[in-house]
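Notes for the structure review
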Amino acid sequence: MDKIFEQLDGLLDRYEELQELMSDPEVIQDTNRYLKLSKEEGGMREVVAAYQQYKQTKSDIEESEEVLRESHDEELEELAKEDLNDLKPKLEALESQIKLLMLPKDPNDDKNIIMEIRGAAGGDEASLFAGDLLSMYMKYAEKQGWHLEIIDENPTEVGGYKEVAVMITGESVYSKLKYESGAHRVQRVPVTESAGRVHTSTATVVVMPEYDEVDLDLEPKDIRTDVYRSSGAGGQHINKTSSAVRMTHLPTGIVVTMQDQRSQQQNREKAMQILKSRVYDYYESQNAGEYAEKRKTAIGTGDRSERIRTYNYPQNRVTDHRIGLTLNKLDRIMNGELGEIIDALIVQDQAKKLESIGE
């Protein structure tokens, strides 16, 4: 904690400096500089307030302890003991709060996301499960007040999805859904199974932060674009023009195809949006992997092949394997009540990061 206090003292000095700068008429007139300083000050405000409260509480404890050491007045001593009974737990709570506030913030936490869901092992049942997962995330997004839009889909005849991509926009979407990347396993009796035997199937989920101009700049020479005629449902418009688009990012080999929009231009825009996010995610995953290997703090947010969760329908049970959490409320979770699992993942992630601070 001593190392953290050294950082906090420096943070406090910088905060006071920022407040002085923001009251300077020259700075106020420079809109860009003022906004930059204001953003920095806003990012510090919560931890500075907690640290100031911590320092005041520690000072109050020292005063009460001094009264107990030096006073011969029983009434004053009793009051000092009462104060200490209140102040010591408060100090511990503030210390825990400060540790959490000082954890490195994921720069992507405030971002919107692109989520891709694919049926994996299990044929038709896997594609149906992919559709069930999409429904679960749709309901969760609605409960959070987020907006979800399907931007690419490859439905199957049985009613599920071979693959589907959605964009979810709203407040701090990535911070809550980043833990969903990985393989999701379902155990249930398929509708096509006459003997009533339980089958196991899987679907994979990939969560990528939405591309931001500041984060990544793709070189046009690195992108090959092919256009072709769309196929599938869509009426007379389909197949008359080459409106479908395939984009390939040559350095990584990442390919995006888009044919859901009504025009080639719309397909180009959507394909570029997804391509940028996939390439960004590719490079970020490499960096995150290196960082996690060094720090050993990852709880499984990066490896898409990792089996992260099992949905057992006969027993109405969901198990998240990364944190050993089992809940017998699968019906409610599939109805979008994911909060309990996500909160537990966040707490575990924070705990692992706190451990790394103490190393």
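Just so we're clear, the structure is a prediction, and the values are computed from it rather than from any experiment.

Remarks on the overall build of the protein chain
If you tally the helices and strands in the protein chain, you get nine helices and eleven strands. Each of the 359 residues in the protein chain was classed as buried or not, and the buried ones make up 39%. When contacts within the protein chain are restricted to residue pairs at least 6 apart in sequence, long-range pairs at least 24 apart make up 61% of them. When the accessible surface of the protein chain is totalled, it reaches about 20200 Å², and 46% of it is carbon and sulfur.

Observations concerning helix H3 (residues 31–70)
An ideal rise of 1.5 Å per residue puts 58 Å on 40 residues; H3 measures up with 55 Å between its terminal C-alpha atoms. In H3, a bend of some 45° at Arg-45 exceeds every other bend along the element. Here H3 has its buried residues at Leu-37, Glu-41, Met-44, Val-47, Val-48, Ala-50, Tyr-51, Tyr-54, Thr-57, Ile-61 and Ser-64.

Overview of the nonpolar core
Counting 36 residues, the largest nonpolar core has Met-115, Ile-117, Leu-133, Tyr-137, Ile-168, Leu-177 and Tyr-311 as the members making the most contacts within it. For this core, the secondary structure elements donating two or more residues are strand S1 (113–119), helix H5 (124–144), strand S3 (161–169), helix H6 (173–177), strand S5 (199–209), strand S11 (325–327), helix H8 (330–334) and helix H9 (339–358). Per-element tally for this core: the top contributor is H5, with eight residues. In this structure Tyr-311 touches Phe-129, Leu-133, Met-136, His-184, Arg-185, Val-186, Gln-187, Arg-317, Val-318, Leu-330 and Met-334, once residues within four positions along its chain are discounted. Membership of the second largest hydrophobic core comes to 22 residues, among which are Tyr-51, Tyr-54, Ile-61 and Leu-94.

Details of the environment of Glu-78
With respect to the element layout, Glu-78 can be found in helix H4 (residues 74–101). Each C-alpha atom, one on Glu-78 and one on Val-67, is 9.9 Å from the other, the two residues being eleven residues apart in sequence.

A few points about the sheet that holds strand S8 (residues 254–258)
If you walk across this open sheet you meet the three strands as S6-S7-S8, and the pairing is antiparallel. Of all strands in the sheet, those bounded by a partner on one side alone are strand S6 (223–228) and S8. Here the average twist between neighbouring strands, direction ignored, is 15°. Here S6 pairs with strand S7 (residues 244–249) via six bridges, running antiparallel. Bridge assignment links Val-227 to a residue of S7, and that residue is Val-245.

Some points on the side chain of Ser-181
On the secondary structure map, Ser-181 appears in the loop between H6 and strand S4 (182–188). Residue class for Ser-181 comes out buried when judged on its relative accessible area of 3%. Within the structure, Ser-181 has its side chain in polar contact with the backbone nitrogen of Val-207 (distance 2.9 Å).

Observations regarding the side chain of Ser-64
The topology assignment puts Ser-64 in helix H3. Excluding its chain neighbours within four sequence positions, the residues that come into contact with Ser-64 are Ala-80, Asp-83, Leu-84 and Leu-87.

Structural notes on the UniProt feature "coiled-coil region" (unreviewed entry) in the protein chain
UniProt records the feature "coiled-coil region" (unreviewed entry) at residues 54–82, using the numbering of this structure. Annotated as 90% helix and 0% strand, the span residues 54–82 places its first and last C-alpha atoms 18 Å apart.

As for the pattern of salt bridges
Going through the model one piece at a time under the given rule, you end up with 18 salt bridges. A salt bridge links Asp-226 to Arg-224; its shortest N-O distance comes to 3.5 Å. The class of Asp-226 is partly exposed, set by a relative accessible area of 26%. Between Asp-320 and Arg-322 there is a salt bridge, and its shortest N-O distance comes to 2.8 Å. Look at Asp-320 and you get buried, because its relative accessible area is 1%. Connected through shared salt-bridge partners, Glu-116, Arg-118, Glu-163 and Arg-278 make up one network.

Looking at the sheet that holds strand S10 (residues 317–320)
Taken together, eight strands build an open sheet; the order of strands is S2-S3-S1-S5-S4-S9-S10-S11 and the sheet is mixed. If you trace the sheet from one side to the other, it starts and ends with strand S2 (147–155) and S11, each paired once. Recorded for the sheet is a direction-independent mean angle of 15° between the axes of neighbouring strands. Looking at chain direction, strand S9 (residues 307–312) and S10 are connected through four bridges and run antiparallel.

Definitions and cut-offs
Residues numbered from 1 in each chain as written. Predicted model: local features only at pLDDT ≥ 70, side-chain atom pairs only at ≥ 80, totals over all residues. Heavy atoms only, no water. Helix = DSSP H or I, 4+ residues; strand = E, 2+ residues; numbered from the N terminus. Buried < 20%, exposed > 50% of the residue type's maximum accessible area, 1.4 Å probe, protein only. Contact = heavy atoms within 4.5 Å. Areas by Shrake-Rupley, 256 points an atom, 1.4 Å probe, with all protein chains shown as cover. Expected span 1.5 Å × (residues − 1). Bend = angle between axes of the 7 residues up to and from the residue. Core = buried A, V, L, I, M, F, W, Y, C linked by side-chain atoms within 4.5 Å. Pairing = 2+ DSSP bridges. Axes fitted to C-alpha atoms, helices over the stretch in contact; angles between N-to-C directions. Polar contact = N/O pair within 3.5 Å; in protein donor to acceptor, adjacent residues only side chain to side chain. UniProt positions renumbered as here; feature names shortened; annotations may be inferred. Salt bridge = Lys/Arg side-chain N within 4 Å of Asp/Glu carboxyl O.

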